[in-house]
Amino acid sequence: RGFTLARIPGPAPAATAGAIAGLFNGWTGIGGPPAILFYFSSPAPVEVSRASIIAFLFALDVLAISAVGSQGLITADVGLLAAILTGPAFLGIWLGKRHFIKTPPATFRRFVVILLALLSVAVLVRAVLA
């Protein structure tokens, strides 16, 4: 609906969003949505928000892999699956970058919100059916 914060949030709201994303990541394995909403509701340019999300999710994944690895939960099967999915992941990154460059900022923000709504519905359906 075009909601944007009046100014870029400071460290306390950023830490809160990060803590919520970490909680979601540990709880559901999907920590991105709170951070994505946080970054895309700020008045920062979409390029800055996108780059910040990429860096944030990379750090979140490194921490999650470290935690899982420290508990001995990374097996050969997990490593094989990760290797198999690396190609599709890089393809998605490449396609996302191509579309991001061609998309106006307002359209991109709207797409992000719609995608998050669809992801939320999918997670709820999965939780109900599981």
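Residues numbered from 1 in each chain as written. Predicted model: local features only at pLDDT ≥ 70, side-chain atom pairs only at ≥ 80, totals over all residues. Heavy atoms only, no water.

Let's hear about the nonpolar core: which residues, and what values?
I36, F40, V46, I53, F100, F108, V112 and L116 form the largest nonpolar core, which has eight residues in total. Of all the elements in the fold, those that place two or more residues in this core are α2 (32-40), α3 (46-70) and α5 (105-129). Ranked by residues supplied to this core, first place goes to α5 with three residues. Non-local contacts of L116, meaning those with residues more than four positions away in its chain, are made with P33, I36 and L37. (Core = buried A, V, L, I, M, F, W, Y, C linked by side-chain atoms within 4.5 Å. Buried < 20%, exposed > 50% of the residue type's maximum accessible area, 1.4 Å probe, protein only. Helix = DSSP H or I, 4+ residues; strand = E, 2+ residues; numbered from the N terminus. Contact = heavy atoms within 4.5 Å.)

How would you summarise α3 if you had to cite specific residues and measurements?
Since the α-helix packs 3.6 residues into each turn, any two residues three or four apart lie on the same face. With 25 residues, α3 extends 36 Å from end C-alpha to end C-alpha; this agrees with the ideal 36 Å at 1.5 Å per step. Turning to α3, its buried residues are V46, S49, I53, F56 and L60. Elements in contact with the buried residues of α3: α1 (11-28), α2, α4 (76-102) and α5. With its phi angle positive at about 70 degrees, G72 sits one or two positions after the end of α3. (Expected span 1.5 Å × (residues − 1).)

Mind laying out the layout of surface pockets, listing which residues take part and the relevant values?
Estimates place the volume of the largest pocket at around 1100 Å³. I36, I53, I54, L57 and I93 are, among the 28 residues lining the largest pocket, the residues nearest its centre. Contributing elements (two or more residues each) for the lining of the largest pocket: α2, α3, α4 and α5. Class assignment for the residues of the lining of the largest pocket results in 19 nonpolar, six polar and three charged. Quantified by volume, the second largest pocket comes out at close to 460 Å³. Every residue along the wall of the second largest pocket is listed here: D61, A64, I65, V68, L73, I74, V78, G79, L81, A82, L85 and T86. Secondary-structure elements contributing two or more residues to the lining of the second largest pocket are α3 and α4. When residues in the lining of the second largest pocket are grouped by element, the largest group, six residues, is from α4. Its residues placed into classes, the lining of the second largest pocket shows nine nonpolar, two polar and one charged. (1 Å grid on protein atoms, 1.4 Å probe; cavity = no way out; pocket = protein on both sides within 12 Å on 5 of 7 lines; lining within 4 Å. Points joined across faces, edges and corners; volume = space filled by probe spheres on them. Nonpolar A, V, L, I, M, F, W, Y, C, P; charged D, E, K, R; others polar.)

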